[in-house]
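Listed below are the residues making up each chain.
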Amino acid sequence: MPKFEEQMTVESQSTTTCASSSQGTPAPKSPFESRSPSFVAPHEDIAWLTVFGAVLALFCCGQLTAFGAFETWYAENQLRGLTASTIAWIGSLQLWVLYFSGGILGRIFDAYGPRVILIPGSILLVVSTMMTSVCIKYYQFLLVQGLLTGLAYGMLFYPSFASISTHFRKYRATAVGIAIAGSGVGGVVFPIMFRQLFAEIGFGWAVRLVGFLCLGLCAVTCATVTSRIPLVRKLPRYFRMQRSSKIPLFFCSLRAAFWSTLVGLFIPFVYLADYSIYRGISSGTSFYIISAMNAGSILGRIAPPFLADKVGRFNIAVPSTFLMGLLALLFWMFAKSLIAIVFFAAIYGCFSGAFLAMQIPCIAQISDIEEVGTRIGILYSVASYGVLAGGPAAGAVLKSDHGTYTGMIILCGVLNILGSLLLLWSKLRVNGQIFARV
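Just so you know, these numbers come straight off a predicted model, no measurement behind them.

Draft legend 1. Broad picture of the confidence of the model for the protein. Residues of the protein with pLDDT of at least 70 account for 83%, and the chain-wide mean is 81. The least confident element of the protein is helix α2 (residues 31-34), whose mean pLDDT is 38; the most confident is helix α7 (residues 115-132), at 96.

Spelled out as structure tokens, the structure:
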């Protein structure tokens, strides 16, 4: 067994020992904790202030999972002459930039801390949002909403999560889950907000008002998010080849799992509103279906992470991903009424929220705390190509099926199930016992 996997096996065994040990007997530490003296459990208000700031930042990023509301609006207004697959490239580019930017942003975080990224990211988000409000051409939406706003989201996303990982040990998954729930709340609020504001004051001023809202929230984020790791003022090596070369199968399988899952995961977020219109539901009501999906994700981003701190992070990620795929194949395929579609949206949102909340705790669990930002960035950069491909690939399948959604739903379900199997393989590389706490 490779040395790294031996270390992970020791870690999973030590956590089990901790649960069964008496109060007077100290439990053995994992190899990562023993090498990271600054990595301590939170006993100070500053740790929870970091979580609070991250919640606000992720609330602003909730517009990512609300892109279905934009797509429906664009298809009927500014971009009404374009196909759904073409419009989907805006949202896919936005997600790809967010994920791909993690490679460099994670290294900057490890060297310089969060605020050197958060402050310019906040400025970029406000500026790009204001610019989106005056866009009228497809290439303008691609460059501004796709490229610039996606980069701004990445500059808020990575330092927020990486900072939380430096403050927490025992309840890391819970803390990350609370923070990422902010994105779910944003995903609920923004589609409803846009639906009302688009009708009352028009697209331009609706988007500008959201820009002003983000300005205030991001200012609080910049003031409250901190890291407990001393700054090294030197960029670490990109891939840490000396260490990662010892774990090629494990790390490659984890990358493949993230890639496969993220290709399929966001398909309902992009196309479920259009699917509901296809089933005869009004476009006004379809905005609320996206909100229902994001409402379900709030529960999925809080409750499963709390459970994961007790039963294991991979033990939550694997079944959540599998159930996403199963739900698409067995329920979305036959959902035709408004009630059925809303029910699917809420349950799928719950399981997808659980997977999204587990990504960073799973990565942090296999990483030294001093390089957690770099490792998060590397894995997300690889997964970014799956995010980029998902929306357009689903749109291409939709077009080839002459507007019917059966092929798209099968693609979503199969990719999520494949991702769950790869995640299970990754877990078994850490500990060969299928029910071990990992």
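Draft legend 2. Focus on the packing of aromatic side chains. Applying the stated criterion across every chain, the model contains 29 aromatic pairs. Arranged with centres 6.2 Å apart and planes meeting at 35 degrees, the rings of Tyr-275 and Tyr-278 form a pair that is tilted. Taken as a pair, Tyr-275 and Tyr-278 lie in helix α13 (residues 267-278) at a separation of three residues, close to a single helical turn. Assessed through its relative accessible area of 0%, Tyr-275 is described here as buried. Classification of Tyr-278 as partly exposed rests on a relative accessible area of 40%. Following the ring pairs from residue to residue traces out a cluster consisting of Phe-59, Phe-67, Phe-70, Trp-73, Tyr-74, Phe-141, Phe-190, Phe-194, Phe-198 and Phe-203.

Draft legend 3. Region of interest: the packing of helix α3 (residues 45-61) against helix α8 (residues 138-167). Relative to each other, α3 and α8 sit at 155 degrees, their axes nearing to 9 Å. Between α3 and α8, the angle falls in the class roughly antiparallel. With respect to the hand of their crossing, α3 and α8 are arranged in left-handed fashion. Contact residues: α3 offers Ile-46, Ala-47, Thr-50, Val-51, Ala-54, Ala-57, Leu-58, Cys-60 and Cys-61, while α8 offers Tyr-153, Leu-156, Phe-157, Ser-160, Phe-161, Ser-163, Ile-164 and His-167. Residue composition of the contact of α3 with α8, by class: 13 nonpolar, four polar and no charged.

Draft legend 4. The arrangement of unusual backbone geometry in detail. Although it is not a glycine, His-402 adopts a positive phi angle of roughly 60 degrees. Relative to the elements of secondary structure, His-402 occurs in the loop between α17 (372-400) and α18 (406-430). Judged by relative accessible area, which is 75%, His-402 ranks as exposed.

Draft legend 5. Summary view of a nonpolar patch on the surface. A cluster of nonpolar residues, Ile-201, Trp-205, Leu-209, Phe-212 and Leu-215, forms a patch on the protein surface that exposes about 500 Å² of accessible area. Element by element, the count of residues in the nonpolar patch is highest for helix α10 (residues 203-224), at four residues. Relative to the helices and strands, Leu-215 resides in helix α10.

Draft legend 6. Inspection of α13 at higher detail. The end-to-end C-alpha distance of α13 is 16 Å, a good match for the 16 Å that 12 residues give at a rise of 1.5 Å each. Of all 12 residues making up α13, 10 are buried, and the element is well covered by its neighbours. The set of residues buried in α13 consists of Ile-267, Pro-268, Phe-269, Val-270, Tyr-271, Leu-272, Ala-273, Asp-274, Tyr-275 and Ser-276. In the stretch just after α13, Gly-280 is the one whose phi turns positive, near 95 degrees.

Draft legend 7. Highlighting the state of the cysteines. Counted under the stated rule, the structure contains zero disulfides. Free of any disulfide, Cys-222 has its nearest neighbouring cysteine sulfur in Cys-218, separated by 6.5 Å.

Draft legend 8. Spotlight on the nonpolar core. Of all hydrophobic cores here, the largest spans 114 residues; its most connected members are Tyr-74, Tyr-99, Phe-266, Leu-272, Trp-332 and Tyr-348. Top contributing element to this core by residue count: helix α16 (residues 338-365), with 12 residues. Excluding residues that lie within four positions of it along the chain, Phe-266 makes contacts with Thr-65, Leu-95, Tyr-99, Leu-356 and Val-387.

Draft legend 9. Looking closely at the environment of Ala-206. Assignment of secondary structure puts Ala-206 in helix α10. As a C-alpha pair, Ala-206 and Gln-196 span 10 residues in sequence and 8.8 Å in three-dimensional space.

Draft legend 10. View of α8. The terminal C-alpha atoms of α8 lie 43 Å apart, and with 30 residues this matches the ideal 44 Å at 1.5 Å per residue to within 8%. Remark: the principal bend of α8, roughly 25 degrees, maps to Thr-149. The element α8 is largely enclosed, with a buried count of 22 among its 30 residues.

How each quantity is defined
- Residues numbered from 1 in each chain as written.
- Predicted model: local features only at pLDDT ≥ 70, side-chain atom pairs only at ≥ 80, totals over all residues.
- Heavy atoms only, no water.
- pLDDT = per-residue confidence, 0-100.
- Helix = DSSP H or I, 4+ residues; strand = E, 2+ residues; numbered from the N terminus.
- Phe/Tyr/Trp six-rings, centres within 6.5 Å; stacked < 30°, edge-to-face > 60°.
- Buried < 20%, exposed > 50% of the residue type's maximum accessible area, 1.4 Å probe, protein only.
- Axes fitted to C-alpha atoms, helices over the stretch in contact; angles between N-to-C directions.
- Parallel < 35°, antiparallel > 145°, perpendicular 65-115°, else oblique.
- Left-handed = near helix turned anticlockwise from the far one by under 90°.
- Contact = heavy atoms within 4.5 Å.
- Nonpolar A, V, L, I, M, F, W, Y, C, P; charged D, E, K, R; others polar.
- Patch = residues over 30% accessible without salt bridge, like charges linked within 9 Å, V, L, I, M, F, W, Y side chains within 5 Å.
- Areas by Shrake-Rupley, 256 points an atom, 1.4 Å probe, with all protein chains shown as cover.
- Salt bridge = Lys/Arg side-chain N within 4 Å of Asp/Glu carboxyl O.
- Expected span 1.5 Å × (residues − 1).
- Disulfide = S-S within 2.5 Å.
- Core = buried A, V, L, I, M, F, W, Y, C linked by side-chain atoms within 4.5 Å.
- Bend = angle between axes of the 7 residues up to and from the residue.

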